[in-house]
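Listed below, chain by chain, are the residues.
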Amino acid sequence: MTLTIRKIIVLSCIGLILLLGNVLAVANWLAEKGVVDKANWVREEFLTGTAIAVIVALLILLVSPKNGRVVSLGRRCPVCDKRLFGDPKYCGECGSRV
Ligand SMILES: [Zn+2]
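Below, the structure is looked at part by part. Worth saying up front: this structure is predicted, and the values here are computed from it rather than measured. (Residues numbered from 1 in each chain as written. Predicted model: local features only at pLDDT ≥ 70, side-chain atom pairs only at ≥ 80, totals over all residues.)

All right, on to the overall build of the protein chain then. Helix and strand counts for the protein chain come out as 5 helices and 2 strands. Its helices and strands taken in sequence order, the protein chain reads α-α-α-α-α-β-β from the N to the C terminus. The buried share of the protein chain, reckoned over its 98 residues, is 0%. Contacts in the protein chain between residues at least 24 apart in sequence constitute 0% of all its contacts with a sequence separation of at least 6. (Helix = DSSP H or I, 4+ residues; strand = E, 2+ residues; numbered from the N terminus. Buried ≥ 20, exposed ≤ 12 C-beta atoms within 10 Å, placed from the backbone. Contact = placed C-beta atoms within 7 Å.)

Following this line, the structure appears as structure tokens:
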């Protein structure tokens, strides 16, 4: 968890709270602009059950194992699988870039 990620989380929390506080105003504004009607049309035209199933399947398939490894606390060298401490750029065991 880097500082940038924490800042993004805090900012998105603030934005979410502000949005929830003004949810009625936002909904009325969207209805006035005709966005709601367009969204309904898009949903009926394109977001059928089959399309949602395909999108969900793609999202599951697109989550690469590399990302999961970066998020987890104990990082490992991709070459020799040695556990890495801290945030090194190179593996201490085999010298490969991580
Ligand atoms: Zn290594």
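Having put the structure on the table, let's press on.
Looking now at helix α1 (residues 3-21). The end-to-end C-alpha separation of α1 is 27 Å, in line with the 27 Å expected for 19 residues at 1.5 Å each. Burial analysis of α1 places just 0 of its 19 residues in the buried class, a small minority of the element. (Expected span 1.5 Å × (residues − 1).)

Once that is clear, we can look at the environment of L47. Structurally, L47 can be placed in the loop between α3 (35-46) and α4 (49-62). Beyond its immediate sequence surroundings of up to four residues, L47 is in contact with V42 and I52.

This part is about unusual backbone geometry. Despite not being glycine, D81 has its phi angle at roughly 65°, a positive value. Note that D81 resides in the loop between β1 (75-76) and β2 (83-84).

Any functional reading would require information beyond the geometric quantities listed.
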